[in-house]
Amino acid sequence: MENNTFIKELFKTKIVTDEAGNSIPLHSGITEKEGEFLYNVILKNKAKNTLEVGCAYGVSSLFICAASSQFENYKHTIIDPIQKEWQNIGVLNLKKAGFNSFELIEKLSEIALPQLLEKNKKYDFAFIDGWHTFDHVLIDFFYVNRMMDVGGIIAF
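A brief structural summary. Residue indices follow the written sequence of each chain, beginning from 1 at its first position. In keeping with the predicted nature of the model, local features appear solely for residues at pLDDT of at least 70, side-chain atom pairs appear and are counted solely at 80 or more, and the whole-chain, interface and lining totals rest on all residues. Water and hydrogen atoms play no part in the side-chain values, which are based on all heavy atoms of the structure.

### A word on the overall build of the chain
Applied cut-off: Put simply, DSSP marks the helices as runs of H or I at least four residues long and the strands as runs of E at least two long, and each gets a number from the N terminus on. For the exposure calls, accessible area comes from a 1.4 Å probe over protein chains only, and a residue counts as buried if that area is under 20% of its type's maximum, exposed if over 50%, partly exposed in between.
Helix and strand counts for the chain stand at six helices and seven strands. Starting at the N terminus and walking to the C terminus, you meet the elements of the chain as α-β-β-α-β-α-β-α-β-α-β-α-β. Seen through its principal axes, the chain has C-alpha atoms that stretch 40 × 30 × 25 Å. The buried share among the 156 residues of the chain stands at 44%.

### Overview of helix 5 (residues 109-118)
What counts, and what does not: Regarding the arc, it is the one traced by the directions from the helix axis to the C-beta atoms. Pairs of residues are marked as contacts when any of their non-hydrogen atoms sit within 4.5 Å.
When we look at burial in helix 5, the residues that qualify are S109, A112, L113, L116 and L117. Considered in projection along helix 5, the buried side chains sweep an arc of 135° and stay on one side of the axis. At its buried positions, helix 5 is contacted by strand 3 (49-53), strand 4 (75-79), strand 5 (102-105), strand 6 (123-128) and helix 6 (134-146).

### Comments concerning the nonpolar core
For the record, the criterion: By nonpolar core we mean a set of buried residues, namely Ala, Val, Leu, Ile, Met, Phe, Trp, Tyr and Cys, connected to one another through side-chain atoms within 4.5 Å.
Membership of the largest hydrophobic core comes to 32 residues, with the highest contact counts inside it found for V59, F99 and F125. The set of elements that each furnish at least two residues to this core consists of helix 1 (5-13), helix 2 (32-44), helix 3 (59-68), helix 4 (89-96) and strand 6. Tallying contributions element by element places helix 3 first for this core, with seven residues. Listed in part, the 15 residues of the second largest apolar core include I105, L113, Y123 and A126.

### Here's the deal with the layout of surface pockets
Counted only if it meets this: Here a cavity is any set of points on a 1 Å grid over the protein atoms alone where a 1.4 Å probe fits but cannot get out, and a pocket is any open set with protein on both sides within 12 Å along at least 5 of 7 lines; a residue lines the site when it has an atom within 4 Å of a point. Grid points are joined across faces, edges and corners, and a volume is the space filled by probe spheres set on the points. Three residue categories are used. Nonpolar comprises Ala, Val, Leu, Ile, Met, Phe, Trp, Tyr, Cys and Pro, charged comprises Asp, Glu, Lys and Arg, and polar comprises the others, including Gly.
By volume, the largest pocket is sized at about 490 Å³. At the level of secondary structure, the elements contributing two or more residues to the lining of the largest pocket comprise strand 3, helix 3, helix 5 and helix 6. Among the residues forming the lining of the largest pocket, the class breakdown is 12 nonpolar, eight polar and five charged.

### Describing the pairing of strand 5
We apply this condition: Any two strands between which DSSP finds at least two bridges are classified as paired. Crossovers are described as right-handed under a simple rule: with the strands pointing away from the observer, the path leading from the first strand over the helix to the second runs clockwise.
Pairing analysis gives four bridges linking strand 4 to strand 5, with the strands arranged parallel. Its bridge partner being in strand 5, I79 is matched across the sheet by I105. On the question of chirality, the crossover connecting strand 4 to the parallel strand 5 by way of helix 4 is right-handed.

### Observations concerning helix 4
The buried count for helix 4 comes to six of eight residues, which makes it a mostly enclosed element. Restricting attention to buried positions, one finds in helix 4 the residues I89, G90, V91, L92, N93 and L94. Considering only its buried residues, helix 4 is in contact with helix 1, strand 1 (15-17), strand 2 (23-25), helix 3, strand 4 and strand 5.

### Description of the side chain of N93
Basically, it comes down to this: Two N or O atoms form a polar contact when they lie within 3.5 Å of each other; inside protein one atom must be a possible hydrogen donor and the other a possible acceptor, and for residues adjacent in sequence the pair counts only when both atoms belong to side chains.
Turning to its location among the elements, N93 is positioned in helix 4. Given the relative accessible area of 1%, N93 is considered buried. Within the structure, N93 has its side chain in polar contact with the backbone oxygen of Y57 (distance 2.9 Å). Each residue touching N93, except ones within four places of it in the same chain, is listed here: F6, V16, Y57 and L62.

### Some points on unusual backbone geometry
Phi is positive for K14, which is not a glycine, with a value near 55°. At A56, a residue that is not glycine, the phi angle is positive and equals roughly 55°. Along the chain, A56 turns up in the loop between strand 3 and helix 3. A relative accessible area of 14% means that A56 is categorised as buried.

Structural data, given as structure tokens:
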């Protein structure tokens, strides 16, 4: 992950900040090792059109964008109906890290995913990390699977 000092600093300090500059302990998100795994999978498979269910502080989004941004015309779609409850820190972190080619859909995934499917959206890579119950993950997988390009990868 030589290309993003913001991510390295985030794991070094384990602190996120909101728009007002308040410091908040990083208590939610994937580990650095998990992030590096996602990063490497995306790079190896040249995934530039990515989808994510769940955002919180944006830790996984940072790794996904760090990898996919190395390809021309990358686009990351994030579904998170409660980003405001996370004080928009996930989106703020993406902007601080210099990533601009992302879209936040602030709807429940069981609403947003069928709408994306209806629009014939296709993705190379998806990370399902929203509501962590069997029924929600199964519904997310059902729709995401139908939107994957041949050879696309879904991570949980």
